[in-house]
Every structure is written in structure tokens, then in C-alpha cells.
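Chain residues, written in single-letter form:
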Amino acid sequence: KISNDGLIKHILLLMSSFSSSSRRAIKRLVRSSIGASFGGGLSRTGFGGFAAQIQRLISVGCGSSFSSDLPAAKRTISSTKTTLKSKENEDDERLQIEVPVKFIAHNIDSPPSQLVDTSKSEIIDMFTQAYQMRRLEIAADTLYKSKFIRGFCHLYDGQEAVVVGMEKALTHDDAVVTSYRDHCTHLGRGGTPLEVMAELMGRFDGASKGMGGSMHMYRREAHFFGGNGIVGAQTPIGAGLAFAYKYRKQANVAVAMYGDGAANQGQLFEAMNMAALWDLPIIYVCENNHYGMGTAIERSAKSPNYYKRGDYVPGLKVDGMDALAVKQAFKFSKEHCVSGKGPIVLEMDTYRYHGHSMSDPGSTYRTRDEITGIRQERDPVERLRKLINDLGLLDPTEVKAIEKAQRKIVDEAVAAAKASPEPTSDWLTKNMHVDTRNVRVRGVDAYASHPVV
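Residues numbered from 1 in each chain as written. Predicted model: local features only at pLDDT ≥ 70, side-chain atom pairs only at ≥ 80, totals over all residues. Heavy atoms only, no water.

(A) Structural context of the overall build of the chain. When its secondary structure is counted, the chain shows 15 helices and 12 strands. Out of the 453 residues belonging to the chain, those deemed buried represent 52%. Put simply, 72% of the contacts in the chain that link residues at least 6 apart link residues at least 24 apart. (Helix = DSSP H or I, 4+ residues; strand = E, 2+ residues; numbered from the N terminus. Buried < 20%, exposed > 50% of the residue type's maximum accessible area, 1.4 Å probe, protein only. Contact = heavy atoms within 4.5 Å.)

So, in C-alpha cells, the structure goes:
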């Protein structure tokens, strides 16, 4: 049986977003079905009948506003049924969420289902990760403006759902290679905020010992083969990683991530052609944030339908601001690739809030109203927060506690990164594949030279 408390919880959740006429109708049904006091609880069979009556009530309609209440009702009934069936701990109750934006398929007979299997803990973890990523990029913005970070710096805020959703469908035995917008990808692969912050500041505790900077995060133990400073250069590397998996007969997949600006690169099409010829297990991911540097996709691409760019390669267009939709797309794509069907292209419809890099104000080629509109309607962090609230997974004070904890983690990482030492001079020649003894480097003066340390 489902307990009285559990039943009341689900009924209240079901009714929380309903109109007053809908709530009255369900109250009448509850009283007639199980009594006004909810006495005795319901057996699994009894609940099935109760849920079916609610669904019939919804389909017939009991008030003009009931049609708008249907998605919430379906989600709640599905959640409750699954909880009863799985008998899992309430802290990790299984959920099935319908993502609102449909997947658009190219050369795929059966696209992924709109119903995504997830859990309470997974949604909370997604929110936690996305919030930490957002805070980290905001901190990087501040540090850059304070001149603690120099050189190139490309921020990812607005696109967090792509990495958060991707990592829920992959393992760290799968390989990822991406572009120079790589801070959050490093976090997704299990890296720490300290590793990112220290690398941004050129400190020894950084992901690449402070010698790579913003564009060169790296985490070999998690098969993260880094960010790449050359536009599109990661796409043939991804094909090589996929070739290694196939050669070794490993049931893993490689992911090569690139932006809409890199989608016109010739090396992408060369690599994709090879991957298709050899049926390599690779997912090509176009993170379409709608601007290649400062150029809108309508001005840079004759065909901005990037999921179709593979021609003979299957593709999917995905709401890249919805972490659950991203998870579902990657789950589908990994199964496609490891089954021997070859590569697939995912176009993530996403958006970046900052400019192309910190040297780009990001407001000369788009309006502030456009940016504000995306923040209000599609923000990936806020969508996860709303999902938690709508499903009653946490109360507002618990959400605030998560936010406070993540802010503290980022603040501590910033402080530790500032205290981290710079790499010593002997690291200048480490990992060079040549014997540097007796090698001298010419100085500024034509007659001066210096030994290689």
C-alpha cells in the first residue's frame, strides 16, 4: 500500500498548479474514492483505479482550464505509479518527465521518446552542477575584469544544460574533446573548480599546471582530451578517438563538440566522411549558440540546419537549454553508435549570455532585449529550479542551501587559486620529445644565446 502521507503528498502535488475548478473536481473524486480522511491508504490496484479515474476526468474535462492542467497531472500520476512499482527509497524516487520541445530527426526512423526516465536525485544533481557552473563563469568574468586572468577567456554561461545532460548519458570511459569554450566541460568530466580557476590564472594547481590557460583544460583520467584553440581542430581528433574504440572493440563512444562557427570548417566534413565510411562510434555535437563570434548564423551559413549537415549521417536537433532533453538525445546517440551504425550529429539549440570572449561585449550584434528574453524564457539553470519546485522535490530553503554551498565552493576555489604558485621555469621544457641538453636558444641580441633549462 501507499501510505496516507505518501498519498496526500502526491494528491497535493497533483493539485498544486491546477485551477480552482479543477481542484474542486479532484477533491470530489478523492472523497468518493477513498473517503475524506484518506483513511486506510490505497493498495497498488486501488491507486491504479484512482489514477485512471483522474485521467478520465481530465480527458472529459471539468472546467475550461483543465486542458492546461493535463501535463502536470500526467507527470504526477506517472511519478506516483513508478514510485509504487519500483519500491525505491523516497530520496531517489523514479520519475518520467515529458520534455516540451520535440526532437527533430534527419535520416532517423524512430527518434528518441519525449518521455525521459530520470529520478529525484538526478534532477537535483543536475541543478547543483549547473548552478556551480554558472557561479564559476560569473567568478571568471570578475577575475578577468580584475586582471587576475589574462589572454583569451571564453565563457559558457547559458549553455550549461549541454554538458550537464551529456554527462548523465555517458561514462568517463567515453571520450570527450571540445573547443576553447571548455571550463564547464572540465567540471562535467569530474574536474574541480580549483583546477579551472588555477588554470585560468596560470597557476600550478591548474588542470594543465597553469601552462594552458582558458582554452586548454585537460583531464586524461576521465578521457577528456581538452579544449582546442584552433577552430574545428577537435573534430578530426574525435574521429581518431572513435577509431581507437572501434579498433579495441570497446563499447564506448567519442564526442566531438564544436560551435556553429566551426560547422563550416572543411576538416569537420573530412573527419565526418571518414567516420561514416568506417562506421566509427562518434557523436558530433554542434553547440549552436546562434553566433559565430559576432556573426549571426543567418549570415554565415546558407543552411543553418546543422543537424542535417552530415547529409548521409543521421542527425537530431535538440533543445540544448533543457538538460533532460540533452540527456535523452545522448542516450539515444550512444546506443546508435555502439551498435555499429556509425556516427551521428546532434545540434544543440542553445545560447551564450556573454560575448564570444571577454574582449567581446556581446551587445554590438544583438540587442540586450534578446539576451534578457532568453534568460527569462529558456535559462537552463532556472528551468531545473522550476522543475524541482513544480515536482515538490525540495522546498525553497533546501534549494537555497544548495546555492549557498556551491557559491562557497567556487569562492574557496578562487581563493586557493590565487594562493597557488606559478609553475617553475623547469616546466617550460617538460614533456618535450627531444633531448634538450646542449641546446641553446637565441636571445634578443643576435650574439647572445641561452641554455634550455
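Now that the structure has been shown, we can carry on.
(B) Structural view of the pattern of salt bridges. Per the stated rule, a full pass over the model turns up 18 salt bridges. With its nearest N and O atoms 3.2 Å apart, the salt bridge here joins Arg 219 to Glu 221. A residue is classified by how much of its surface remains accessible, and Arg 219, at 17% relative accessible area, is buried. Taking the relative accessible area as the measure of exposure, Glu 221 reaches 58% and is therefore exposed. A salt bridge links Glu 403 to Lys 400, with the nearest nitrogen and oxygen atoms 3.9 Å apart. Taken as a pair, Glu 403 and Lys 400 lie in helix H15 (residues 396-419) at a separation of three residues, close to a single helical turn. Residues joined in a network through salt bridges with shared partners are Asp 319, Asp 322, Asp 349, Arg 378 and Arg 383. (Salt bridge = Lys/Arg side-chain N within 4 Å of Asp/Glu carboxyl O.)

(C) The pairing of strand E1 (residues 94-98), seen in detail. With burial as the criterion, only one face of E1 is covered, namely that bearing Leu 95 and Ile 97; the residues Arg 94, Gln 96 and Glu 98 on the opposite face remain uncovered. Examined bridge by bridge, E1 and strand E3 (residues 115-119) share five bridges and lie antiparallel to one another. Its bridge partner lying in E3, Leu 95 is registered against Thr 118. (Pairing = 2+ DSSP bridges.)

(D) Fine view of unusual backbone geometry. Positioned with a positive phi, Lys 147 is a non-glycine residue whose angle comes to about 70°. Topologically, Lys 147 is positioned in the loop between helix H5 (120-145) and helix H6 (160-167). Note on Lys 147: relative accessible area 56%, which makes it exposed. Here Lys 209, not a glycine, exhibits a phi torsion of approximately 60°, which is positive. Following the sequence through the fold, Lys 209 ends up in the loop between helix H8 (193-200) and helix H9 (234-247).

(E) Region of the structure containing helix H12 (residues 323-341). In this model, H12 (19 residues) spans 25 Å end to end at C-alpha, consistent with the 27 Å of a helix rising 1.5 Å per residue. N-capping of H12 is provided by Asp 322, with a side-chain oxygen placed 3.1 Å from the backbone N of Leu 324. Two residues or fewer past H12, Gly 342 is found with a positive phi of approximately 90°. (Expected span 1.5 Å × (residues − 1). Polar contact = N/O pair within 3.5 Å; in protein donor to acceptor, adjacent residues only side chain to side chain.)

(F) Broad picture of the side chain of His 183. By the secondary structure assignment, His 183 is in helix H7 (residues 183-188). Ignoring sequence-local partners within four residues, the contact set of His 183 consists of Leu 136, Glu 137, Cys 153, His 154, Leu 155, Val 196, Leu 200, Ser 214 and Met 217.

(G) View of the environment of Gly 342. With respect to the helices and strands, Gly 342 occurs in the loop between H12 and strand E10 (344-349). For the pair Gly 342 and Ile 282, spaced 60 residues apart in sequence, the C-alpha separation works out to 7.1 Å.

(H) Local environment of H5. Taking 1.5 Å of rise per residue, 26 residues should cover 38 Å, and H5 covers 38 Å from first to last C-alpha, within 8% of that figure. Just downstream of H5, Lys 147 is the residue with a positive phi angle, here 70°.

(I) Spatial organisation of a nonpolar patch on the surface. Together, Phe 243, Tyr 247, Met 274, Leu 277 and Trp 278 line one region of the surface with nonpolar side chains, adding up to about 600 Å² of accessible area. Within the secondary structure, Tyr 247 sits in helix H9. (Patch = residues over 30% accessible without salt bridge, like charges linked within 9 Å, V, L, I, M, F, W, Y side chains within 5 Å. Areas by Shrake-Rupley, 256 points an atom, 1.4 Å probe, with all protein chains shown as cover.)

(J) Inspection of the sheet that holds strand E2 (residues 104-106) at higher detail. If you walk across this open sheet you meet the six strands as E2-E9-E10-E6-E5-E4, and the pairing is mixed. Each edge of the sheet is formed by a strand with only one pairing partner; in this case those strands are E2 and strand E4 (175-177). Neighbour-to-neighbour, the strand axes of the sheet open up by a mean angle of 20°, direction not taken into account. One ladder, built from three bridges, connects E4 with strand E5 (residues 254-259); its direction is parallel. Paired with Ala 175 across the two strands is Ala 254, which belongs to E5. Contacting E5, strand E6 (282-288), strand E9 (315-319) and E10, H12 crosses the sheet at an angle of about 175° to E10. (Axes fitted to C-alpha atoms, helices over the stretch in contact; angles between N-to-C directions.)

(K) Main features of the packing of aromatic side chains. Enumeration over the complete set of coordinates arrives at eight aromatic pairs. Look at Phe 204 and Trp 427: their rings are 5.3 Å apart centre to centre, the planes differ by 70°, and that puts the pair in the edge-to-face class. In this pair, Phe 204 sits in the loop between H8 and H9 while Trp 427 sits in the loop between H15 and strand E11 (440-442), placing the two residues 223 residues apart along the sequence. When the centroid spacing of 5.2 Å and the interplanar angle of 50° are considered together, the rings of Tyr 291 and Tyr 365 count as tilted. Here Tyr 365 lies in the loop between E10 and helix H13 (368-378) and Tyr 291 lies in strand E7 (residues 291-292), a separation of 74 residues in the sequence. According to the relative accessible area criterion, Tyr 291 is buried, its value standing at 9%. Put simply, the rings of Phe 243, Tyr 247 and Trp 278 touch in pairs and so form one group of aromatic residues. For Arg 375, the ring lying beneath its charged end belongs to Tyr 353, and the centroid distance is 4.0 Å. Looking at Lys 430, its charged tip hangs above the ring of Trp 427, at a distance of 5.4 Å from the centre. (Phe/Tyr/Trp six-rings, centres within 6.5 Å; stacked < 30°, edge-to-face > 60°. Lys NZ or Arg CZ within 6 Å of the ring centre and 35° of its normal.)

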